[in-house]
Amino acid sequence: MRSLMLAGVLLTATAAFAERQDVALPVDDKVARISEADGMEVLSIGFPEDGLLDILTGADLEIVAMADGADTTALFGGAILVVEATGTQSCEDGDPLEYYVVKMGLLPGEPQGPVTSCGHLAVTIADGVVTLAADPGREGAESWTWAPATGFQALAK
């Protein structure tokens with residue numbers, strides 16, 4: 001029995017460690033990397049040969065959407081990443097989440113956001129706009145748009 005409990009603890013620890021693996025994503029000519037530092041996760045962006053700039057820190061970061069290429073650069077001034085972070089607010093139902101838009105122009109700018117939600121938001125990037133929307137069937141479904149000129153704007157329900 002004790003060996004089964006130990007095996008369960010090891011599997012849990014292994015799963016937690018597996019979630020903390022560094023993630024590197026090539027975006028245009030740059031790299032976006034999420035790495036672990038001091039129990040937090042850090043999103044860093046830049047040219048691998050020149051070093052990366054730390055852009056965002058959180059308990060748990062995940063890149064949930066990305067757009068790059070010539071069309072995206074023309075519309076946004078650089079590639080776009082949308083990052084989901086474990087939030088700090090409390091929710092009666094669901095996980096508190098924060099969403100950030102990161103524009104990777106010549107020099108990555110400050111992350112735009114957060115948009116905070118008590119549930120996962122679907123992300124679409126099209127026609128020069130990033131849209132974050134909750135499942136329309138969910139009570140109090142939220143949705144926002146982000147564009148470089150206007151920042152985040154809540155959409156009417």
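Fair warning: this is a prediction, and the values are worked out from it, not measured in the lab. (Residues numbered from 1 in each chain as written. Predicted model: local features only at pLDDT ≥ 70, side-chain atom pairs only at ≥ 80, totals over all residues. Heavy atoms only, no water.)

Our focus in this paragraph is the overall build of the protein chain. Check the secondary structure of the protein chain and you find two helices and twelve strands. If you list the helices and strands of the protein chain from N to C, you get α-β-β-β-β-β-α-β-β-β-β-β-β-β. Across the 157 residues that make up the protein chain, the buried fraction comes to 36%. Total accessible area computed for the protein chain in this model is approximately 9300 Å², and 55% of it derives from carbon and sulfur atoms. (Helix = DSSP H or I, 4+ residues; strand = E, 2+ residues; numbered from the N terminus. Buried < 20%, exposed > 50% of the residue type's maximum accessible area, 1.4 Å probe, protein only. Areas by Shrake-Rupley, 256 points an atom, 1.4 Å probe, with all protein chains shown as cover.)

Attention now goes to the environment of glycine 39. Tracing the sequence through the fold places glycine 39 in the loop between strand 2 (30–37) and strand 3 (40–47). The spacing of glycine 39 and aspartate 60 is 21 residues in sequence and 9.5 Å in space, taken between C-alpha atoms.

What follows covers a nonpolar patch on the surface. On the surface, a nonpolar cluster with roughly 370 Å² of combined accessible area is contributed by Leu53, Leu106 and Leu107. Leucine 53 gets classed as partly exposed once you look at its relative accessible area, which sits at 44%. (Patch = residues over 30% accessible without salt bridge, like charges linked within 9 Å, V, L, I, M, F, W, Y side chains within 5 Å. Salt bridge = Lys/Arg side-chain N within 4 Å of Asp/Glu carboxyl O.)

Another point: the packing of aromatic side chains. Applying the stated rule across the entire model yields one aromatic pair. Aromatic pair phenylalanine 76 and tryptophan 146: ring centres 6.1 Å apart, planes at 20 degrees, arrangement stacked. One end of the pair, phenylalanine 76, is in helix 2 (residues 70–76); the other, tryptophan 146, is in strand 11 (residues 143–147), with 70 residues separating them in the sequence. (Phe/Tyr/Trp six-rings, centres within 6.5 Å; stacked < 30°, edge-to-face > 60°.)

Note that the residue after glycine 113, namely proline 114, is joined by a cis bond; omega there is 10 degrees. Mapped onto the elements of the fold, proline 114 is located in strand 8 (residues 112–117). Backbone geometry places aspartate 38, a non-glycine residue, at a positive phi of 55 degrees. By secondary structure assignment, the location of aspartate 38 is in the loop between strand 2 and strand 3. Phi is positive for aspartate 127, which is not a glycine, with a value near 55 degrees. Secondary-structure assignment places aspartate 127 in the loop between strand 9 (122–126) and strand 10 (129–133).

Such coordinate-based values are descriptive only and should not be taken to indicate function.
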